[in-house]
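Structure assessment
Read off the chains here:
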Number of protein chains: 2
Amino acid sequence: MFKAKVIIKRRPSILDPQGVAVEKGAFHLGLTNIKDTRIGKFIEFTVDTSDKIAAEKEVTEYCSKLLANPIMEDFEFTLESMK
Amino acid sequence: MFKAKVIIKRRPSILDPQGVAVEKGAFHLGLTNIKDTRIGKFIEFTVDTSDKIAAEKEVTEYCSKLLANPIMEDFEFTLESMK
């Protein structure tokens, strides 16, 4: 069994309007040093197999077909063995 | 200047309907080993100050007032010095 942690980010060339909006809020709160906010996703799940290669394949398919938008997002993940 | 990386997760006791939905999609794709999907946020930004204590204070305020929902989410962050 593995614990998978996935980070999904918009490609750097793609605008992040949600990040821009929330950063404006920060500015109005007086947090004027915050810059370049980019909002992505953090996804955790378990993979119920003892074969690490199979787990990596399954996680890659899950990310590329369901979790990330391949047109504008990149993903990276880590797999950690669970007792 | 610091690079901040924030992870926001729902509290474990709070249901994650988006995670449940996307996991059903995985099951229908044949990815039957994927379990307990939880979807959170990953947020990156820079903090334009050289004072680490001030940066930590600013990031904590940004997270607790704007980025995370204090009723149902927890946040954690790392700060990394940038050249």
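Throughout what follows, the structure given in this document is the object of discussion. None of these values were measured; they are calculated from a predicted model.

1. Remarks on the environment of B:Glu73
All names here are of chain B. By the element assignment, Glu 73 lies in strand β3 (residues 73–81). A residue is classified by how much of its surface remains accessible, and Glu 73, at 14% relative accessible area, is buried. With sequence-adjacent residues up to four places away left out, Glu 73 is seen in contact with Ile 8, Lys 9, Arg 10, Arg 11, Lys 41, Leu 67 and Ala 68. Here the side chain of Glu 73 touches Asn 69 through a polar contact of 2.7 Å, landing on its backbone nitrogen.

2. What to know about the interface of chain B and chain A
Across the contact, 32 residues belong to chain B and 32 residues belong to chain A. On inspection of chain B and its partner chain A, the count reaches four salt bridges. One salt bridge in this structure joins A:Glu44 and B:Lys9, with 3.5 Å as the shortest N-O distance. Seen at the junction of chain B and chain A, the total is 15 residue pairs in polar contact (both at pLDDT 80 or more). Taken together, the elements giving at least two residues each to the side of chain B that touches chain A come down to β1 (2–10), α1 (17–28), β2 (34–47) and α2 (52–67) of chain B. A per-element tally of the side of chain B that touches chain A places β2(B) first, with 14 residues.

Basis of the calculations
- Residues numbered from 1 in each chain as written.
- Chains lettered and ligands numbered in written order.
- Predicted model: local features only at pLDDT ≥ 70, side-chain atom pairs only at ≥ 80, totals over all residues.
- Heavy atoms only, no water.
- Helix = DSSP H or I, 4+ residues; strand = E, 2+ residues; numbered from the N terminus.
- Buried < 20%, exposed > 50% of the residue type's maximum accessible area, 1.4 Å probe, protein only.
- Contact = heavy atoms within 4.5 Å.
- Polar contact = N/O pair within 3.5 Å; in protein donor to acceptor, adjacent residues only side chain to side chain.
- Salt bridge = Lys/Arg side-chain N within 4 Å of Asp/Glu carboxyl O.

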